[in-house]
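# Per-entry structural report
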Amino acid sequence: MKLYQWDRIDEIPKKKPGIYAWYYSPEITDRDIEKMTGLIQSSQISEEAAMSELHEEVKSFLHERIFKYFQEEPYEAYLKGPLKPQYSGQIEHLQVLTNNLIERIIRNPSRLTTIRQIIEASCPLFASPIYIGMSKTLGQRVSKHKSLIKQIREKSTINYQREINHAEEQGKKDQSFALQVCRRKLIPTRLSVAATVMEVSDREYVDVENILNRVCYPVLGRN
């Protein structure tokens, strides 16, 4: 198994069968950290109201820079029972951060630098794949993903939800994945692909992909 960064995807063996997984490494810039650190250091954290506001600022920072890229799509829920009212609606995925985490960052904002370094280095060994796929022509399939992402990013306007629904209804998984990458505003150069060639006799890579999707539940997977 080998990891290929965005600009090395063309090196994946084109006509070999196998499985692959996309990963995303969120970007936290020096400016992001300087801005957040300055805000923390200038706040009057001895005042209860200011402390509460600062908590929300740090939560928002972590959500915008890390967690939003991995947020699950909402469930469509429907509840019913005998002789009971019926309910339906969406159930959102809530990212719950502990107060202890927020307070440690407020007490020592230099932790953000360490968090950035480890988050960036965590892919793929400590990261969850955002998509797992398989193909009898591995490199061609992944290159198609890349090409679609580039094409969609060049469009000035697009109704993502409508296009994703249409792609899924048509069974166009490649199109759906590329649309979701663009809708979430994932930075292409922060994407990478782990790929492994499987020289097998009876398309066993289909089984492996099926199982891995049910073990990992990648956030952009629909298998």
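Conventions used here
- Residues numbered from 1 in each chain as written.
- Predicted model: local features only at pLDDT ≥ 70, side-chain atom pairs only at ≥ 80, totals over all residues.
- Heavy atoms only, no water.
- Domains from an automatic or database assignment.
- Contact = heavy atoms within 4.5 Å.
- Buried area = accessible area lost by both parts, 1.4 Å probe.
- Salt bridge = Lys/Arg side-chain N within 4 Å of Asp/Glu carboxyl O.
- Polar contact = N/O pair within 3.5 Å; in protein donor to acceptor, adjacent residues only side chain to side chain.
- Helix = DSSP H or I, 4+ residues; strand = E, 2+ residues; numbered from the N terminus.
- Buried < 20%, exposed > 50% of the residue type's maximum accessible area, 1.4 Å probe, protein only.

### Structural notes on the domain arrangement of the protein chain
Domains assigned within the protein chain are domain 1 (2-25 + 128-216) and domain 2 (30-122). Computed from C-alpha atoms alone, the centre-to-centre distance between domain 1 and domain 2 is 28 Å. Across the contact, eight residues belong to domain 1 and seven residues belong to domain 2. Of the roughly 660 Å² buried between domain 1 and domain 2, counting both surfaces, carbon and sulfur atoms make up 42%. Of all residues in domain 1, the largest losses of buried area upon contact with domain 2 belong to Tyr-24, Ser-25 and Arg-184, amounting jointly to 61% of the total for that side. At the junction of domain 1 and domain 2, the tally comes to three salt bridges. Residue Glu-73 is joined to Arg-183 by a salt bridge in which the shortest nitrogen-to-oxygen separation is 2.4 Å. There are five residue pairs in polar contact (both at pLDDT 80 or more) connecting domain 1 and domain 2.

### Topic: the pattern of salt bridges
What the rule picks out here adds up to 11 salt bridges. Salt-bridge contacts for Lys-16 lead to Glu-199; the nearest nitrogen and oxygen are separated by 3.0 Å. On the criterion of sequence distance, the pair formed by Lys-16 in the loop between β1 (2-5) and β2 (18-24) and Glu-199 in the loop between β6 (191-197) and α8 (204-216) is long-range, its members being 183 residues apart. Residue classification places Lys-16 among the partly exposed positions, given a relative accessible area of 37%. Classification of Glu-199 as exposed rests on a relative accessible area of 56%. Ionic pairing is found between Arg-141 and Asp-174, a salt bridge with its closest N-O pair at 2.7 Å. Pair noted here: Arg-141 is in helix α5 (residues 138-153) and Asp-174 is in helix α7 (residues 173-183), with a separation of 33 residues, a long-range link. Across this residue pair, the class does not change: Arg-141 and Asp-174 are buried.

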